[in-house]
Amino acid sequence: MATTSGRRSAKLLQRIATLTPRLKPRPAVAACDWNPKSLQFWRCLHHGGDGVLLVPDVGRERKTSGSRQLASEGGRLPSSSASGGLRFATSAALPAVGAKVAKAEEMIEVSVDGQSVQIPKGMTVLQACELVGVSIPRFCYHSRLSIAGNCRMCLVEVEKTPKPVASCAMPALPGMKIKTDTPLCKKAREGVMEFLLLNHPLDCPICDQGGECDLQDQSMVFGSDRGRFTETKRTVLDKNLGPLVKTIMTRCIQCTRCVRFAKEIAGVEDLGVLGRGGSEEIGTYVENLMTSELSGNVIDVCPVGALTSKPYAFTARSWELKSTESIDVTDAVGSNIRVDSRGPEVMRILPRLHEEVNEEWISDKARFSYDGLKRQRLSEPMIRRPDGRLEAVSWHDALEAVAEAAHQVKPEEMAGIAGKLSDAESMMALKDFLNKMGCERIWSEGDGKSANVDMRSSFLLNTGIASLEYADLCLLVGTQLRWEAPLVNARLRKAVRSSRAKVASIGPPTDLNYPHQHLGTGTETLIRIAEGRHPFCAEFGRAERPAVIVGSGLLEHSDKSAVMAAVEMIVKHGNAVRDDWNGFNTILLNAAQAGARDLGLVQGARAGNKEIKFLYLLGADELTPADIPADSFVVYQGHHGDRSAYRADVILPGTVYTEKEGTYENTEGLTQQTSPAVPTVGDSRDDWKIIRALSEIAGVRLPYDTANGLRARMLAVSPNLLRIDDLEPPSDFSFTLKNQFPSTVALSSFPKAVENFYMTDSITRASRTMAQCTAAFFGKRE
Amino acid sequence: MRSWRLASRAVAVYRATQTTGSALRPLPSTVLPSQIQNQDGVCRPMSTALLMHRDKPGNSVKDDWDFSPENTERVKEILSNYPKNYKQSASIPLLDLAQQQHGGWIPVQAMNRIAQIIGVAPIRVYEVATFYSMFNRQPVGKYHLMVCGTTPCMLCGSREIEDALLKHLGVTRGEVTKDGLFSVGEMECMGCCVNAPMIVVADYSKGSEGYSYNYYEDLTPKRVVELVQELRQGKTPKWGTQNPKRINCGPEGGNTTLLTTPKPPVCRDLDAC
């Protein structure tokens, strides 16, 4: 079950969407949490004709030795209920700290429209209806936010109650007879709808939400064809929330989803409900930009057109767009996204539900950097002429020039660097090509030249993104988690909020959006903890499920081995790695990083240390001029005219992630694939095909002609890269620890890995929206 | 668009022009007094522009604001009424104290200071301050006169009372007189319907120590002007009913009912059980 959970969830969601009259093609939410305060999420499935099957969605059963054992503690398999009722299958549920575990005796029976259903105690009426497949209209209720109960759209009739009840806020009680299709219900919904539309402007034709608007859809289904309101509609002043979120506050229906999102998920308490009654409005009171890395999600959360995307404004209508399911590559989290395109143009990017990775949120960088896909693109192969000008040439000429240059230098003088955004296919081809040329000097950007790839567990987020919720103490070492991996940070915030996990950090002081303890800035503090001379040690030792997250900024640290030794010592003393819990984590920065390590993109034994004369850059843009010897021949294969293109002698135009099918492995080791949403630009080609063509011209023909052939080669090197959406558990963790701590470590502060969250790679640097964000939120322009 | 909708729209537009035409016409009670004029003095009856702070002299996020030493003691006392982990419960009493100390209104920095004291985000305090119409976020006079505009008072002539006040003081609703002494606002039912019409005088002239909040009931346009004159002379008129023939809320000329102790309700004889 677990191995295909991600895929299955997508399929099931589709199925649910077809079965229930879900009104909006959003990445929301058939999942419903029966206890809103617990971490337990139950996915509700319609199961055949005979009832409902519940599959709990927590604690992915993984192949790690430990998690299965842990899962079995919480998992219970309640027996099937009485005939005619509904069945449950709770095979794996990892209990959160303080979370209730559903026990068979805590099940209650209610009836929804005459159909009886067994539900766990504590579920709301709305969730009970959802289980039976009865969809209740709602605006303010959102399964991932706290319950507000203020829109009143979800009114249902409950037998023996005098009035309709708000189902989202009403706990289901034993024996409740819920009716959702009675005249009373219809009348109640129609009345509520009329009230909601009183002050709502009739501007659907010019509203960006038009066509995918909850209010529009639900008023079609539940509303009346006329209202009785003849007064003037009110107007509300628009708020300035920054360059990403456009506000048309007159359209707001005061559901307060955005307020709750900002407070609960994003952790920036800027938004609030101001005023009351007819003049109630959402606002910030003082002029305040929404400075959150997750702010774009309020656009999805907003059920009407009050909060819309500023960059997307007036560019497309939802029904013109083609949606392609894909993966985000702007960080190493691998958020699932939906690329909406019209013709050859990416119009917008939305999140896609993946409970184990990004839930239904994505970072602003993932959502809004798409305009960078259209700027600064390399569209033709180019060769630098002796006068320093780049000249467009044919593919054959460009490849021949590269092959010739490669053959003029010794293999030890060659080197290849894979960039941040490289897919596994092209990295595999690059490695094979250079190896065939006799070169073993290959590495991936951000790894440093001595990456440790022997053990996968040494560079992955071993705990897993979703399981981080269960940590009760987390030590961040040299990472600004909020900027390096916003969605991992959101998980940690969830743990802090729901189970009062404690977080401590060592490194540059950073603005985490939850309470945390800043222990120190560098190696000194780390070593004090490792040697047991710090009060934090006792706390770490007491924790049940402690976790350490090491930032990848430290992977290039001069004292890397000493720092890692100290971290391992802490992990060992805190018993953070044991059979049922692996709390040793590294957070990677780049989408390519994990895949590169699995493919072995590290310097081989014969790499040597000679001066580089031939440098092959596969989209590597983070090099400074000092890194590239002046007389070397530089090949830049990439999609953007970014930093390295200025130095290149030959430019080979490649593709961006929205144009190709590329395999990426995220920071927890989950393999996922992007899908081509738009055609390639100009004369550019798939990256692996370029290298394959080059190999032929260079006389070292790579033995694969198709993507499948290349993947067969990948299968031989790293089989997990072919198991899409399947988490390959890291190999057993073993400490390389010596008993003695190296005493020769220099005391230094940890570096910042991300200077500017909004501009980290060639796509985001080309994006105008990201430049606006930089100006607005960092007060400087790059 | 259907014809009926066009028609209703036309009616709405017609009514809107009628409403905006006369400045003194009472507004729907959902509109708070402070919202009548926006920053630029332009009348926008259904706008809520003032639920937003804009920096100006005397009310800027750059100002310093803190409770006075005496009031700091009272803050401690107020906080001691609530459990330590529910300090945010003190937001309303603290806003009230800040308003008394600051001459009848709460600048944005006072709200920020309160947020700091009770350990919440400032927006949570703004929410409370904007919700309650008794918290003023714009300067008011030393005597803030609030006219009850709810149905019983309105039927007994509260509009005439308000007109008399505004005419006497030469201000519009929400405006402060040039000498800074008076401002007129509207408020909802204060529960004095039996003595309608009534106004409330919030006296901020003596700081939070001598702060008073008095009801003046059974008013006539003439009497309310006299009240203002007495206040201007520094007197404190006797609060309560202004009809000399009435005692508190009793009827004019003495009681007509309930002259003897009423009989207890009929009840079965419990001793017999």
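So, how was this worked out
Residues numbered from 1 in each chain as written. Chains lettered and ligands numbered in written order. Predicted model: local features only at pLDDT ≥ 70, side-chain atom pairs only at ≥ 80, totals over all residues. Heavy atoms only, no water. Helix = DSSP H or I, 4+ residues; strand = E, 2+ residues; numbered from the N terminus. Buried < 20%, exposed > 50% of the residue type's maximum accessible area, 1.4 Å probe, protein only. Contact = heavy atoms within 4.5 Å. Areas by Shrake-Rupley, 256 points an atom, 1.4 Å probe, with all protein chains shown as cover. Domains from an automatic or database assignment. Buried area = accessible area lost by both parts, 1.4 Å probe. Salt bridge = Lys/Arg side-chain N within 4 Å of Asp/Glu carboxyl O. Nonpolar A, V, L, I, M, F, W, Y, C, P; charged D, E, K, R; others polar. Axes fitted to C-alpha atoms, helices over the stretch in contact; angles between N-to-C directions. Parallel < 35°, antiparallel > 145°, perpendicular 65-115°, else oblique. Left-handed = near helix turned anticlockwise from the far one by under 90°. UniProt positions renumbered as here; feature names shortened; annotations may be inferred. Core = buried A, V, L, I, M, F, W, Y, C linked by side-chain atoms within 4.5 Å.

(A) Structural detail: the overall build of chain B. Along its length, chain B carries 8 helices and 5 strands. Its helices and strands taken in sequence order, chain B reads α-α-α-α-α-β-α-α-β-β-β-α-β from the N to the C terminus. Counting only residues that meet the buried cut, chain B has 44% of its 273 residues in that class. Pairs at least 24 apart in sequence give 60% of the contacts found in chain B among residues at least 6 apart. Put simply, chain B shows about 15300 Å² of open surface, and 56% of that area lies on carbon and sulfur atoms.

(B) Representation of the domain arrangement of chain B. Residues and elements named next belong to chain B. Per the domain assignment, the segments of chain B are domain 1 (2-48), domain 2 (69-131) and domain 3 (143-241). For domain 2 versus domain 3, the distance between C-alpha centres works out to 27 Å. If you look at the interface, domain 2 gives 8 residues, while domain 3 gives 5 residues. Between domain 2 and domain 3, the buried area comes to about 520 Å², and carbon and sulfur atoms account for 51% of it. When the buried area of domain 2 at its contact with domain 3 is split by residue, Arg74, Gln100 and Gly104 rank highest and sum to 60% of it. Between the two partners, domain 2 and domain 3, sit 0 salt bridges. At the level of secondary structure, the elements contributing two or more residues to the side of domain 2 that touches domain 3 comprise helix 2 (69-79) and helix 3 (91-101). Among the elements that line the side of domain 2 that touches domain 3, the one with the most residues is helix 3, at 4 residues. Considered class by class, the residues forming the side of domain 2 that touches domain 3 number 1 nonpolar, 6 polar and 1 charged.

(C) Spotlight on the packing of helix 4 (residues 183-198) of chain A against helix 5 (residues 214-222) of chain A. Residues and elements named next belong to chain A. At a closest axis distance of 10 Å, the pairing of helix 4 and helix 5 adopts a crossing angle of 140°. Judged by the inter-axis angle, helix 4 sits oblique to helix 5. Note that helix 4 runs across helix 5; the crossing there is left-handed. The residues of helix 5 that touch helix 4, namely those facing Arg189, Glu190, Met193, Leu196 and Leu197, are Leu215, Gln218, Ser219 and Phe222. For the contact of helix 4 with helix 5, a count of residues per class yields 5 nonpolar, 2 polar and 2 charged.

(D) The arrangement of the UniProt feature "domain: 4Fe-4S His(Cys)3-ligated-type" (unreviewed entry) in chain A in detail. On the UniProt side, "domain: 4Fe-4S His(Cys)3-ligated-type" (unreviewed entry) is annotated at positions that read residues 184-223 of chain A here. Helix makes up 60% of residues 184-223 of chain A and strand 0%, and the two end C-alpha atoms of the span are 14 Å apart.

(E) A look at the nonpolar core. All names here are of chain A. In this structure, Val110, Ile119, Phe139, Ile178, Phe261, Leu476 and Leu481 are the most contacted members of the largest nonpolar core, which totals 102 residues. Beyond its immediate chain neighbours, meaning those up to four positions away, Leu481 contacts Leu476, Pro486, Val488, Asn489, Leu492, Leu512, Tyr514, Ile549 and Ile587. Core analysis: the second largest hydrophobic core is formed by 44 residues, Ala406, Met437, Ala596 and Ile691 among them.

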